[in-house]
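Single-letter residue listing:
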Amino acid sequence: MKGKKKTVWTKRRHARVFAFLRPVMRLYFRLRYNFKARPGGLKKGAYLIISNHQTTMDPFLLSLSFRFPIYFVASDDLFNLKVSPLINYLVAPIPKSKSVRDVAAMMGVLRVIREGGAVGIFPEGNRTVSGGQWEMTDAIAKLAKSLKVPLVIYNIRGGYGTDPRWGHSIRKGKCSGEVRKVVSVEELAELTNEQLFDLIKDGLNVNDADSGISFRSKRRAEYIERALYLCPVCRGVSTIVSHKYKFKCKNCGTEAAYTEKLAISPAVAGFERINEWYGWEKEEIVKAVSEGLRVEDGGILFRESVKFKSKKKLDGDRVYIDKDKLAISDGRREQVFPLDEITALTMVGKKKFNFYYKDKILQVKGNKRFCAIKYVHIFDGIRQINGQIKEN
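Student: Quick question: what am I supposed to make of helix α1 (residues 12-33) here?
Tutor: Three or four residues apart is the spacing at which side chains of an α-helix point the same way, because the helix has 3.6 residues per turn. Taking 1.5 Å of rise per residue, the 22 residues of α1 would be expected to cover 32 Å, and the 30 Å separating its terminal C-alpha atoms lies within 8% of that figure. Helix geometry: α1 is bent most strongly at Leu21, by close to 35°, with proline Pro23 lying one to four residues after it. The set of residues buried in α1 consists of His14, Val17, Phe18, Arg22, Met25, Phe29 and Tyr33. Count one or two residues on from α1 and you reach Asn34, which has phi positive near 55°.

Laid out in structure tokens, this is it:
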């Protein structure tokens, strides 16, 4: 019909699906996470909604504060599941490759906004591993100013304490979500990119270790080695092992407990919080690798990831990284990927990382105790030393 606006992304069925799922999800997350969503108080319309990123379920948690569907920017891995076509049909997430610029994703954001829809983005691009804020770039500030719609800053609290990314089990505590601040279009226009970026970082800065809330579990330290990979006492790499509420270095015997208050007790080399230890090891591992250390793991699964298709298994069961390259081997031959030819490398889930090489998305998946984040730290650190600063 002439003159009638044709929608490209937003559909009436999305609102119906959201209305149906909202009460179901509210009950589910109340029982599973003890989660309470405070009403956002916003009418349906075009918004850019941003949030800190603590759990896999954050899009669902955030949505419970609103009465309209939100179109989330989602990573590649979501589009490699068997149910991906169904997810795309029901809620139409906006696909984006992690840690690399994605023009198609930004076009998707613009389409939703132009059609009067709300877009949801987690600017950190990855859920926290340490409990602290993941690094982000000022691209989110530039986007917020360019869209010319209200910016909604949302906070999820207690998600890391309840379901830490490195963990295996849910802990009993408290979890909540609420709108922290709404920045109007007029306010956005008055702020410089730098001022807005500082406001965003401050607005999204949530650390559950400072909350004073207890998160109870008899297995609260299990798989902490997915986050803590460098012993600050003996400098052993991947020597930390965990069991129930304790962990120790199998090299030097240093032992500690992970408490219900998210603390390390007794402190190890002065570190009382995971975030403190994590920040230290991030710098130290890069120094060690730049001086010749090679970091490696066996028992991996090597695959190629293609949007909307099943992952393709590739040859290789061992991975290593040094100051020049990432390599995959199978005992007979070695596939070498020079670091300066890899566009980006990012952690996916709990025990995987993707790297982008010559228009391909390649994935390394480890065993249940595999630490993927150390490869991210090494890659990013060596790239910075070489003057190749990553842009999200």
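Back to the write-up after that little detour.
Student: How should the sheet that holds strand β10 (residues 255-258) be read in this particular structure?
Tutor: The pairing of strands in a sheet comes from backbone hydrogen bonds and takes either a parallel or an antiparallel form. In space, the four strands of this open sheet follow the order β8-β9-β10-β11, with antiparallel pairing throughout. Edge strands, defined here as strands with exactly one partner in the open sheet, are β8 (240-243) and β11 (264-265). Both β8 and strand β9 (residues 246-249) contribute to a ladder of four bridges, which runs antiparallel. Residue pairing in the sheet places His243 in a bridge with Lys246 of β9.

Student: Quick question: what am I supposed to make of the environment of Ser130 here?
Tutor: Take Ser130: it is sitting in the loop between β5 (118-121) and α5 (139-147). Accessibility expressed as a relative area gives 7% for Ser130, which makes it buried. Counting along the chain gives 95 residues from Ser130 to Glu225, while the straight-line C-alpha distance between them is 11 Å. Residues within four places of Ser130 in sequence aside, it is in contact with Tyr160, Ile274, Asn275 and Tyr278. Within the structure, the side chain of Ser130 is placed 3.2 Å from the backbone nitrogen of Gly132, a separation counted as a polar contact.

Student: So what exactly am I meant to see when it comes to the side chain of Asp208 here?
Tutor: Mapping Asp208 onto the fold places it in the loop between α8 (193-203) and β8. Of note is the side chain of Asp208, whose polar atom sits 3.0 Å from the backbone nitrogen of Gly161. When neighbours within four sequence positions are excluded, Asp208 is seen to be in contact with Gln54, Arg157, Gly158, Gly159, Tyr160, Gly161 and Leu262.

Student: Before we go on, may I ask you to explain a positive patch on the surface in this structure?
Tutor: Together, Arg30, Lys36, Arg38, Arg157, Lys174 and Arg180 line one region of the surface with positive charge. Tracing the chain through its elements places Arg180 in strand β7 (residues 175-183).

Student: What should I look at first to understand the sheet that holds strand β3 (residues 70-75) in this one?
Tutor: Overall, mixed pairing links the seven strands, which are arranged β1-β7-β6-β2-β5-β3-β4 in an open sheet. Pairing within the sheet leaves two strands with one partner each, and these edge strands are β1 (35-37) and β4 (94-96). Across the sheet, the axes of successive neighbouring strands diverge by a mean angle of 25°, strand direction being ignored. As judged from the four bridges shared by strand β2 (residues 47-51) and β5, these two strands associate in the parallel manner. By the bridge assignment for β5, Tyr47 is matched with Ala118. Helix-sheet contacts for helix α4 (residues 103-114) involve β2, β3, β4 and β5, and the interaxial angle to β4 is about 160°.

Calculation rules
Residues numbered from 1 in each chain as written. Predicted model: local features only at pLDDT ≥ 70, side-chain atom pairs only at ≥ 80, totals over all residues. Heavy atoms only, no water. Helix = DSSP H or I, 4+ residues; strand = E, 2+ residues; numbered from the N terminus. Expected span 1.5 Å × (residues − 1). Bend = angle between axes of the 7 residues up to and from the residue. Buried < 20%, exposed > 50% of the residue type's maximum accessible area, 1.4 Å probe, protein only. Pairing = 2+ DSSP bridges. Contact = heavy atoms within 4.5 Å. Polar contact = N/O pair within 3.5 Å; in protein donor to acceptor, adjacent residues only side chain to side chain. Patch = residues over 30% accessible without salt bridge, like charges linked within 9 Å, V, L, I, M, F, W, Y side chains within 5 Å. Areas by Shrake-Rupley, 256 points an atom, 1.4 Å probe, with all protein chains shown as cover. Salt bridge = Lys/Arg side-chain N within 4 Å of Asp/Glu carboxyl O. Lys, Arg positive; Asp, Glu negative; His and termini not counted. Charge placed at Lys NZ, Arg CZ, Asp CG, Glu CD. Axes fitted to C-alpha atoms, helices over the stretch in contact; angles between N-to-C directions.

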